[in-house]
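Chain by chain, the residues run as shown.
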Number of protein chains: 2
Amino acid sequence: MKDHTGTFPAKSDIEDAAKRIRNHVHYTPVLTSQNLDSIFGCHLYFKCENFQKAGAFKSRGAVNKVFSLSNDEIKNGVCTHSSGNHAAALARAAMLRGIDAHIVMPENSSTVKIEAVKHYGGKITFCKPTLDARELTLRQVKNRTKAFEVHPYNDFDIISGQGTAAMELFQETGAPDIIMAPVGGGGLLSGTALATHYFSPGTKIIGAEPARADDAFRSFKAKTFYPSENPDTIADGLRTSLGNLTFPIILQHVDDIVTTSEEAIIKAMKLIWERMKIIVEPSSAVPLAAILENKPDCRNKNVAIILSGGNVDLTSLPW
Amino acid sequence: MKDHTGTFPAKSDIEDAAKRIRNHVHYTPVLTSQNLDSIFGCHLYFKCENFQKAGAFKSRGAVNKVFSLSNDEIKNGVCTHSSGNHAAALARAAMLRGIDAHIVMPENSSTVKIEAVKHYGGKITFCKPTLDARELTLRQVKNRTKAFEVHPYNDFDIISGQGTAAMELFQETGAPDIIMAPVGGGGLLSGTALATHYFSPGTKIIGAEPARADDAFRSFKAKTFYPSENPDTIADGLRTSLGNLTFPIILQHVDDIVTTSEEAIIKAMKLIWERMKIIVEPSSAVPLAAILENKPDCRNKNVAIILSGGNVDLTSLPW
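Caption draft 1: Highlighting the sheet that holds strand 5 (residues 123–127) of chain B. All names here are of chain B. Pairing is parallel across the open sheet formed by four strands, whose spatial order is 5-4-3-6. Two strands in the sheet have a free side with no partner beyond their single neighbour: strand 5 and strand 6 (148–149). Relative to strand 5, strand 4 (residues 101–106) runs parallel, the two being bridged by five bridges. Of the residues in strand 5, the one forming a bridge with isoleucine 103 is isoleucine 124. Contacting strand 3 (78–81) and strand 4, helix 4 (residues 85–97) crosses the sheet at an angle of about 165 degrees to strand 4.

Have a look at this one:
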């Protein structure tokens, strides 16, 4: 594994990631909607990671990481704790490389997510739904299996992998005025920020976060790390705290972070479903929700949005 | 207007329709899904008319018809009765040509459909929700406005327009073993059958219909027209009867019509939403539902399906 300590991923790391993952993930389409453009008064470009393998951008980072590791490093498989999209993405990446994936999942994870991990052959260990229990159980699994731990976002190979989504987007649309991505742990936002810095430096990069899980917003404004405290948002992919690798990249390369209400998230999500006829999860709708609340001002601008994923329980919708 | 009496639309009618509508409708994508292929044991190609303008294939026929009419014919606008996708498609086509569209809608039409017609500037007259009331009200509107009546499917220009979807599909996928389309009034199925006959003659063409609205199935098997009687299906686009122009084309050029249960329609619709992350209306799911029930046998075959539309009330889903 490359030693990135003290440095950010380079342009070539994202380019290498793109080559490494090419045969294992989708080059997702960029969709537009005249209908939404006329509602929002700007030109919107949606990078559809909801159509990505395993239903989310997480497949990019997971495949890049798993295929970056040496045969020796992965001889006992990989492991992680996750209740969400990283779990399925890592299980899938491990399956592709022919190794085991040990996934620690909280016992209250949704059936859909559990089924997805099983579908890709992941070996699940359930635990109590607290961060302490997840970390403790993962340590036990790791001691027992000697598997290689793959963090969902605080890892430069993961970050470089997530950056390939924005890189592809610029290849297709040219340089938008603004690019927006949701922010949870910061893997997607930091990867997007680096890709923008390298491949579309004139584009302004803005993170969007639920007001009810605004740790990244507060950390960014204060330039000091604040953890996520009692996040209470429908955007279930964005409840995590920034990491010590993602935060410095975001501080240096992101232009602004904006927050949005739960009401706007649900409204934006429904607009995307109704007008574009595509399924996105609540986290994906957070940037459009922010535009709905005029943060930032996008009038007449070309605005690219990364739709992060499409995994949602269809029997429990928020409207 | 061309006189088609006694003849079917020709190859050139579909080609002309394609040219006529090119700048006014989407060339929709053909999507595939490894996930669904592995479930169904065949190679599926989905022509995504759910992404079409106004949310359904109906925009093809409506635009072709409205732009086929002479200035004299359309000087008083166009009119129709419809509770569904034809209403919005015709209103939109009229707006593009700068003429009025008078739409008779039953008073129990869904809010979503009413809003869509209004969005495109359609002038709505409401009536009681019976076929008699719809036809009577339309006659009154027609007498008052002298508008040109555009039937939703029993019209060769409409049929030629709908045929462009299959024509585009063959351009993209080559010749599949089977092509399937849902059948209500038969506009889409007859257009698809003609396009297949002209552009992919080796492809088998199969119509799919809800068992609870099986007038086309019965008519096809008996080679005698039976009207739709008390149709009671979730596939709201498929409750209408065949027309005297669509039925002969279907008799001559369709290889088979199969029926499917309501349970399979809902299951197939949910599979498309979950696995492909796209929104389709129940009518769109009818062909896949039939495959789910092994009618026809598609094992290891290349099977193209026209996903007819994506207009669905998100607050009232069938699961």
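Caption draft 2: Helix 9 (residues 215–222) of chain B, seen in detail. Residues and elements named next belong to chain B. By the burial criterion, the buried members of helix 9 are Asp215, Ala216, Ser219 and Phe220. Viewed end-on, helix 9 has its buried residues packed into an arc of 125 degrees, placing them on one side of the element. Tucked inside the fold, the buried residues of helix 9 contact strand 8 (204–210), helix 10 (246–253) and strand 9 (256–260). A positive phi of about 55 degrees marks lysine 223, the residue just after helix 9.

Caption draft 3: Summary view of the interface of chain A and chain B. In this assembly, 20 residues from chain A lie in contact with 20 residues from chain B. Of the roughly 1600 Å² buried between chain A and chain B on both sides combined, carbon and sulfur atoms contribute 63%. Contact with chain B buries area across many residues of chain A, yet Lys277, Ile279 and Leu314 of chain A alone supply 39% of it, more than any other trio. Connecting chain A to chain B are zero salt bridges. Run the count over chain A and chain B and you get 10 residue pairs in polar contact (both at pLDDT 80 or more). Of the residues forming the side of chain A that touches chain B, the biggest block, four residues, is contributed by helix 11 (residues 262–276) of chain A.

Caption draft 4: View of the relation of the copies chain A and chain B. With an RMSD of 0.0 Å, the fit of chain A onto chain B corresponds to turning through 180 degrees and sliding 0.0 Å along the axis. The two molecules are tied by a two-fold rotation axis, judged by turn and shift. In terms of proximity to the rotation axis, the leading residue of chain A is isoleucine 278 of chain A, whose C-alpha is 2.1 Å off the axis. Comparing contact sets, 100% of the residues at the interface of chain A also lie at the interface in chain B, consistent with an isologous, same-surface contact.

Caption draft 5: View of the domain arrangement of chain A. All names here are of chain A. Its domain assignment divides chain A into domain 1 (11–56 + 155–307) and domain 2 (59–149). Contacts between domain 1 and domain 2 engage 24 residues on the former and 16 residues on the latter. Together, Arg20, His24 and Ala54 form the three largest contributors to the area buried by domain 1 at its contact with domain 2, with a combined 35%. Inspection of the region where domain 1 meets domain 2 yields four salt bridges. For lysine 65, the salt bridge is made with aspartate 157, and the minimal N-O distance between the two is 3.2 Å. No other element matches helix 7 (residues 156–173), which puts eight residues into the side of domain 1 that touches domain 2. Taken together, the residues that form the side of domain 1 that touches domain 2 break down as seven nonpolar, eight polar and nine charged.

Caption draft 6: Region of interest: the side chain of serine 190 of chain A. Residues and elements named next belong to chain A. Following the sequence through the fold, serine 190 ends up in helix 8 (residues 187–199). Note on serine 190: relative accessible area 0%, which makes it buried. Side-chain polar atoms of serine 190 contact the backbone oxygen of glycine 186, separated by 2.7 Å. Setting aside anything within four residues of it in sequence, one finds serine 190 in contact with Ile159, Thr246, Ile249 and Ile250.

Caption draft 7: Broad picture of the packing of helix 8 (residues 187–199) of chain B against helix 10 of chain B. All names here are of chain B. Between helix 8 and helix 10, the least distance of the axes is 9 Å, while the angle of their chain directions is 45 degrees. Looking at the two axes, helix 8 sits oblique to helix 10. For the crossing formed where helix 8 meets helix 10, the hand is left-handed. Listed contacts from helix 10 to Gly187, Leu189, Ser190, Ala193, Leu194 and His197 of helix 8 are Thr246, Ile249, Ile250 and His253. Within the contact of helix 8 with helix 10, the residues separate by chemical class into five nonpolar, five polar and no charged.

Caption draft 8: Broad picture of the nonpolar core. Grouped together as the largest cluster of nonpolar side chains are 76 residues, with contacts concentrated most on Leu44, Met180 and Trp273 of chain A together with Leu44, Met180 and Trp273 of chain B. With residues near it in sequence (within four places) discarded, leucine 44 of chain A still touches Leu31, Thr32, Leu36, Asp37, Leu288, Ile291, Val303 and Ile305 of chain A.

Caption draft 9: Inspection of the pairing of strand 8 of chain B at higher detail. All names here are of chain B. Most of strand 8 is tucked away, with six of its seven residues classed as buried. Of the strand pairs in this sheet, strand 7 (residues 178–182) and strand 8 are connected by five bridges, and their pairing is parallel. The partner of isoleucine 179 across the bridge, within strand 8, is isoleucine 205. Handedness of the crossover joining strand 7 and strand 8 through helix 8: right-handed. Bridge analysis of strand 8 against strand 9 gives five bridges, and the strand direction is parallel. Looking at the pairing, proline 210 lines up with threonine 260 of strand 9.

The rules behind the values
Residues numbered from 1 in each chain as written. Chains lettered and ligands numbered in written order. Predicted model: local features only at pLDDT ≥ 70, side-chain atom pairs only at ≥ 80, totals over all residues. Heavy atoms only, no water. Pairing = 2+ DSSP bridges. Helix = DSSP H or I, 4+ residues; strand = E, 2+ residues; numbered from the N terminus. Contact = heavy atoms within 4.5 Å. Axes fitted to C-alpha atoms, helices over the stretch in contact; angles between N-to-C directions. Buried < 20%, exposed > 50% of the residue type's maximum accessible area, 1.4 Å probe, protein only. Arc of directions from axis to C-beta. Buried area = accessible area lost by both parts, 1.4 Å probe. Salt bridge = Lys/Arg side-chain N within 4 Å of Asp/Glu carboxyl O. Polar contact = N/O pair within 3.5 Å; in protein donor to acceptor, adjacent residues only side chain to side chain. Least-squares fit on C-alpha atoms with pLDDT ≥ 70 in both. Domains from an automatic or database assignment. Nonpolar A, V, L, I, M, F, W, Y, C, P; charged D, E, K, R; others polar. Parallel < 35°, antiparallel > 145°, perpendicular 65-115°, else oblique. Left-handed = near helix turned anticlockwise from the far one by under 90°. Core = buried A, V, L, I, M, F, W, Y, C linked by side-chain atoms within 4.5 Å. Right-handed = clockwise from strand over helix to strand, strands pointing away.

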